[in-house]
Amino acid sequence: VDERKSISELFEALIAEPARRVVSPPTRALVVLDALDECKTEHRSRLVESLARWGHHSTCNWLGFVLSSRPEDYIPPRLAGFEPTKLEAGSEHNLADVRTFLTRELGPLVVERDLVNAVEQMTRRSEGLFVFLKLVLANLRQTSSDRKLSLSDLENGDLLLPSSLSDVYVTYFERLKTALGDEELYKAMLDVIVAVREPLTIVQLGNLLGLSRAQLIQSVQKAQNLLHVGQDETVTLLHK
């Protein structure tokens, strides 16, 4: 992609023009644009304008867009005509989805007599955030034994059922610090990963920290809920 092109030009070249060449397919297609609010201010404004023009003037009725964003002030005025839906994590509709999801996912993990109470407790702690549920369920599957867990197991095991999303990440950071075995090394590693303009490879990061490739890979593997190693062996923080 030519980085010198504007957002409007890229939208036209990559989406609008190819779409106009397509004969209407038998099924409707959707393009999902997630986290619109994380774009640079000038880019997101132009992208929203391009989407608004597309929505008002396009004849490609088979192609639609699904956008997600925090409810920032700059978005509603431009897209108000499309009747955007505001999703509230704490709404009863969303919490009902959370309970349905947890009933299915906790069924194989929790004894039947405690399932309803376990679902309610996790629903309350999640505050409607599915990312919390995903992380806690992954932890439950990793740490649970052959037997099913009781409500007492969940209530008394802080590592199994954190009280909030923040507690989940605190646990993951503590695991990374333990894996490295040195608090200064732990801080240095995070400082480098957060500060670099482009992700470093395992070898580059190891050279900076004085660790061998094998040592660094072993530490990263113990913190795979925080750190990701790509196919090119670059190390990045997971954004969830």
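Residues numbered from 1 in each chain as written. Predicted model: local features only at pLDDT ≥ 70, side-chain atom pairs only at ≥ 80, totals over all residues. Heavy atoms only, no water.

**Student:** Which residues make up helix α9 (residues 183-195), and what values do they have?
**Tutor:** Between its first and last C-alpha, α9 extends 18 Å over 13 residues, near the 18 Å set by a 1.5 Å rise per residue. Within α9, burial applies to L185, Y186, M189, L190, V192 and I193. Projected down its long axis, α9 carries its buried residues within an arc of 160°, all on one side. Exposed residues lying more than 90 degrees from the buried face of α9 are E184, D191, V194 and A195. Residue D182 occupies the N-cap position of α9, its side-chain oxygen lying 2.8 Å from the main-chain nitrogen of E184. (Helix = DSSP H or I, 4+ residues; strand = E, 2+ residues; numbered from the N terminus. Expected span 1.5 Å × (residues − 1). Buried < 20%, exposed > 50% of the residue type's maximum accessible area, 1.4 Å probe, protein only. Arc of directions from axis to C-beta. Polar contact = N/O pair within 3.5 Å; in protein donor to acceptor, adjacent residues only side chain to side chain.)

**Student:** Which residues make up the packing of aromatic side chains, and what values do they have?
**Tutor:** Scanning all chains against the criterion turns up 5 aromatic pairs. Aromatic ring contacts, followed pair by pair, group F11, W54 and F65 into a single cluster. (Phe/Tyr/Trp six-rings, centres within 6.5 Å; stacked < 30°, edge-to-face > 60°.)

**Student:** Can you tell me about the packing of helix α1 (residues 7-21) against helix α2 (residues 41-57), naming the residues and giving the values?
**Tutor:** The description of two helices packed together rests on the angle between their axes and the distance between the axes. For the pair α1 and α2, interaxial distance at closest approach is 9 Å and the crossing angle is 30°. Between α1 and α2, the crossing angle belongs to the class labelled roughly parallel. Between α1 and α2 the crossing geometry is right-handed. Residues I7, S8, F11, A16, A19 and R20 of α1 form the contact with α2, whose participating residues are H43, R46, L47, S50, L51, R53 and W54. Residues that form the contact of α1 with α2 fall into these classes: 7 nonpolar, 3 polar and 3 charged. (Axes fitted to C-alpha atoms, helices over the stretch in contact; angles between N-to-C directions. Parallel < 35°, antiparallel > 145°, perpendicular 65-115°, else oblique. Left-handed = near helix turned anticlockwise from the far one by under 90°. Contact = heavy atoms within 4.5 Å. Nonpolar A, V, L, I, M, F, W, Y, C, P; charged D, E, K, R; others polar.)

**Student:** Explain the pattern of salt bridges residue by residue, including any values.
**Tutor:** In this structure the tally under the stated criterion is 9 salt bridges. Measuring nitrogen to oxygen at the nearest pair gives 2.8 Å for the salt bridge that ties R104 to E105. Note on E105: relative accessible area 18%, which makes it buried. With a closest N to O distance of 3.7 Å, E174 and K177 form a salt bridge. Here the residue E174 and the residue K177 both occupy positions in helix α8 (residues 165-180), the gap between them amounting to 3 residues, near one helical turn. On the basis of relative accessibility, which here comes to 38%, the residue E174 falls in the partly exposed class. (Salt bridge = Lys/Arg side-chain N within 4 Å of Asp/Glu carboxyl O.)

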